[in-house]
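# Examining the three-dimensional arrangement
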Amino acid sequence: FSLTPKEHAVLQLVCKGFSNREIGLSLSIAETTARSHVVSIIHKLNVRNRTACAAEAIRRSLIA
């Protein structure tokens, strides 16, 4: 699997505990777009929710 640059940016913010709204504001994208990116990342990492997504990203060393 591979994450797009935008998905990687979203993943970093998910790992910091940002909400979809906060991600949208931080990256200057719509909240619905942020949610779409989060859903895509969750599917790509094959996890059930954003908490598991953050844990898996750390486990796989996907974020700094």
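Keep in mind that what you see is a predicted model, and the values were worked out from it rather than measured.

### A short note on the confidence of the model for the protein
Residues at a pLDDT of 70 or more form 100% of the protein, whose mean pLDDT is 96. Mean pLDDT in the protein bottoms out at helix H4 (residues 50-59), which sits at 96, and peaks at helix H2 (residues 20-27), which reaches 98.

### What to know about the side chain of Glu56
As for its placement among the helices and strands, Glu56 is situated in helix H4. At 2.7 Å, the side chain of Glu56 and the side chain of Arg60 are in polar contact. In this structure, Glu56 is in contact with Leu45 and Val47, ignoring residues within four places of it in sequence.

### So, the packing of helix H1 (residues 5-15) against helix H3 (residues 31-45)
Where H1 contacts H3, the two axes come as close as 9 Å, and the packing angle between them is 90 degrees. The angle between H1 and H3 places the two elements in the roughly perpendicular class. Facing Lys6, Glu7, Val10, Leu11 and Val14 of H1, the residues of H3 in contact are Ala34, His37, Val38, Ser40, Ile41 and Lys44. Considering only residue class, the contact of H1 with H3 consists of 6 nonpolar, 2 polar and 3 charged.

### A few points about the packing of H1 against H2
Here H1 crosses H2 at 130 degrees, and the two axes come no closer than 10 Å. Of the possible angle classes, the one that applies to H1 and H2 is oblique. Relative to H2, H1 is oriented so that their crossing is right-handed. Taken together, the residues of H2 that come into contact with H1 (itself represented by Lys6, Ala9, Val10, Leu13 and Val14) are Ile23, Ser26 and Leu27. For the contact of H1 with H2, the residue count by class is 6 nonpolar, 1 polar and 1 charged.

Criteria and thresholds
Residues numbered from 1 in each chain as written. Predicted model: local features only at pLDDT ≥ 70, side-chain atom pairs only at ≥ 80, totals over all residues. Heavy atoms only, no water. pLDDT = per-residue confidence, 0-100. Helix = DSSP H or I, 4+ residues; strand = E, 2+ residues; numbered from the N terminus. Polar contact = N/O pair within 3.5 Å; in protein donor to acceptor, adjacent residues only side chain to side chain. Contact = heavy atoms within 4.5 Å. Axes fitted to C-alpha atoms, helices over the stretch in contact; angles between N-to-C directions. Parallel < 35°, antiparallel > 145°, perpendicular 65-115°, else oblique. Nonpolar A, V, L, I, M, F, W, Y, C, P; charged D, E, K, R; others polar. Left-handed = near helix turned anticlockwise from the far one by under 90°.

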